[in-house]
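Take a look at the letters that make up each chain.
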Amino acid sequence: MEFLEDTVISSIRDCAKLNNGLEMPWLGFGVFLVEPGKETELAVKRALDAGYRSIDTAAIYENEAGVGKAIQESGIPREDLFITTKLWNADQGYASALKAFDESMEKLQIEVLDLYLIHWPVVGRYVDSWKAMEKLYKDGRVKAIGLSNFQIHHIQDILEISEVVPTVNQVEFHPRLRQVDLHNFCNENQIQLQAWAPLMQGKALDIPELVKLGEKHGKSPAQILIRWDLQLQVLTIPKSITPHRIVENCQVFDFELNDEEMALIASLNRDERVGPDPDNFDF
Ligand SMILES: NC(=O)c1ccc[n+]([C@@H]2O[C@H](COP(=O)([O-])OP(=O)(O)OC[C@H]3O[C@@H](n4cnc5c(N)ncnc54)[C@H](OP(=O)(O)O)[C@@H]3O)[C@@H](O)[C@H]2O)c1
């Protein structure tokens, strides 16, 4: 059976099946730049109330403890939640990655993590980091391991040495950065693509074509973008701290973009990033 062949995405509870069989909600909630403490706790609480079950944090966001508190207080059974966090660059390497994982888990207050990602491909260290991820996976401390901001050549390095194929690659992805080659490569290797900055951190929301499509469907440009990701079978994790936007961003299951509209959005590509270039970063 082909990867992604029998995919149905019609509600916030629908899940992608990762290459190890683990189910992960297509639509999740991102918490980059959400203040640690109360702001994170409140945003995650609102997201859970709205129906999101997948939360995307990272050690470097410094808000894992807020995520942990919100999920503890929600009363939602742990098995209904999907928690992702990421190994920060300074902690890459075998022993340091294992230690960083323990620190993240302590802050999140959970026994087993759903998905652990290498945040950036730090040259000279991501292979050792992957070995640590594999150990955590084999020890049952995490249900899936994956990558973030990995280009094709970085993934090839991992595939050469890996015993466990990465499940997910989380990258900057929006209509101004369509990433066709990377997307195809990931699909061919059964690595599920995930979009960060699906709204281009707000910068895509006034693109006239998206505004027009929104008017046509009675939806906001943000909803058009989230729907576009889902129909491309790309996991997506829009972030908002604004209560009505948190709700708005998950009201994307009552309309459909046709082939022409999907192609129109893809045609907006300019290979333009809002974040760092994974082949040229210095942090
Ligand atoms: N792996 C990585 O390297 C990496 C890098 C960046 C992000 N991420 C992950 O991806 C998630 C999403 O990316 P992102 O946070 O960078 O950007 P994003 O989700 O594309 O955009 C977030 C921005 O859009 C605004 N917004 C959200 N919904 C809106 C709506 N319906 N209408 C108008 N404006 C809206 C938010 O404002 P308000 O909050 O003020 O409402 C915020 O300023 C992150 O939170 C993080 O979990 C990962």
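For the structure itself, look to the data block above.
Residues numbered from 1 in each chain as written. Predicted model: local features only at pLDDT ≥ 70, side-chain atom pairs only at ≥ 80, totals over all residues. Heavy atoms only, no water.

### Side note on the environment of isoleucine 265
Examined against the element boundaries, isoleucine 265 turns out to sit in helix α10 (residues 259–266). Sequence separation between isoleucine 265 and arginine 178 is 87 residues; the distance between their C-alpha atoms is 9.4 Å. Not counting chain neighbours up to four residues away, the residues in contact with isoleucine 265 comprise Pro175, Leu210, Leu213, Ile224, Trp228 and Leu257. (Helix = DSSP H or I, 4+ residues; strand = E, 2+ residues; numbered from the N terminus. Contact = heavy atoms within 4.5 Å.)

### A word on the nonpolar core
The biggest cluster of nonpolar side chains holds 85 residues, and the ones touching the most others in it are Leu113 and Tyr116. With residues near it in sequence (within four places) discarded, leucine 113 still touches Arg78, Ile83, Thr85, Phe101, Met105, Leu108, Arg141, Val142 and Lys143. If you look at the next biggest cluster of nonpolar residues, it comprises six residues, including Trp88, Val122, Trp196 and Phe281. (Core = buried A, V, L, I, M, F, W, Y, C linked by side-chain atoms within 4.5 Å. Buried < 20%, exposed > 50% of the residue type's maximum accessible area, 1.4 Å probe, protein only.)

### As for the site of the ligand
Looking at the ligand, there are 29 residues lining it, with Asp56, Lys239, Ser240, Thr242 and Arg245 nearest. Contact distances for the ligand include 3.4 Å between an oxygen atom and a backbone N or O atom of methionine 200. Note that an oxygen atom of the ligand is positioned 2.9 Å from one of the backbone N or O atoms of isoleucine 241. Coverage of the ligand by the protein chains reaches 88% of its 900 Å² of free accessible surface. (Near = heavy atom within 4 Å. Polar contact = N/O pair within 3.5 Å; in protein donor to acceptor, adjacent residues only side chain to side chain. Areas by Shrake-Rupley, 256 points an atom, 1.4 Å probe, with all protein chains shown as cover.)

### Notes on the pattern of salt bridges
This structure, assessed with the given rule, holds 16 salt bridges. Among the ionic pairs, arginine 141 bridges to aspartate 102, the shortest N-O distance being 2.8 Å. In this pair, arginine 141 is assigned in the loop between α4 (126–138) and β7 (142–148) and aspartate 102 in helix α3 (residues 94–108), connecting sequence segments 39 residues apart. A relative accessible area of 29% places arginine 141 in the partly exposed class. Across the salt bridge formed by lysine 138 and glutamate 163, the nearest N and O atoms sit 2.6 Å from each other. With lysine 138 in helix α4 and glutamate 163 in the loop between α5 (152–161) and β8 (168–172), this residue pair connects regions lying 25 residues apart in the sequence. You can call glutamate 163 exposed: its relative accessible area is 57%. A cluster of three or more residues bridged by salt bridges with shared partners is formed by Lys38, Glu41, Lys69 and Glu73. (Salt bridge = Lys/Arg side-chain N within 4 Å of Asp/Glu carboxyl O.)

### Examining the sheet that holds β7
The parallel open sheet is built from eight strands, whose spatial order is β3-β4-β5-β6-β7-β8-β9-β10. The sheet is open, and its two edges are formed by β3 (29–30) and β10 (235–236), each paired on a single side. Across three bridges, the pairing between strand β4 (residues 54–56) and strand β5 (residues 82–87) is parallel. By the bridge assignment for β5, isoleucine 55 is matched with isoleucine 83. (Pairing = 2+ DSSP bridges.)

### Notes on the side chain of serine 104
One can find serine 104 in helix α3. When its relative accessible area of 3% is taken as the criterion, serine 104 is described as buried. When near neighbours in sequence (up to four residues on either side) are disregarded, serine 104 contacts Ala59, Glu64 and Thr85.

### Quick look at the environment of valine 112
Inspection of the secondary structure puts valine 112 in the loop between α3 and β6 (113–118). With 34 residues separating them in the primary sequence, valine 112 and arginine 78 have C-alpha atoms 9.6 Å apart. Aside from chain neighbours lying at most four places away, what touches valine 112 is Arg78, Met105, Gly140, Arg141, Val142 and Lys143.

### Observations regarding the state of the cysteines
Here a disulfide denotes one covalent bond, and it connects the sulfur atoms of two cysteines. For the structure on display, the rule yields zero disulfides. Summary of cysteine pairing: cysteine 15 is not part of a disulfide, and the nearest cysteine sulfur, belonging to cysteine 250, is at 15 Å. For cysteine 186, which is in no disulfide, the shortest distance to another cysteine sulfur is to cysteine 15 and amounts to 20 Å. Accessibility expressed as a relative area gives 0% for cysteine 186, which makes it buried. (Disulfide = S-S within 2.5 Å.)

### Thoughts on unusual backbone geometry
In this model, glutamine 190 sits at a positive phi of 55 degrees, which is unusual for a non-glycine residue. Secondary-structure assignment places glutamine 190 in the loop between α6 (180–188) and β9 (192–196). One non-glycine residue with positive phi stands out, namely aspartate 271, at about 50 degrees. Topologically, aspartate 271 is positioned in the segment after α10.

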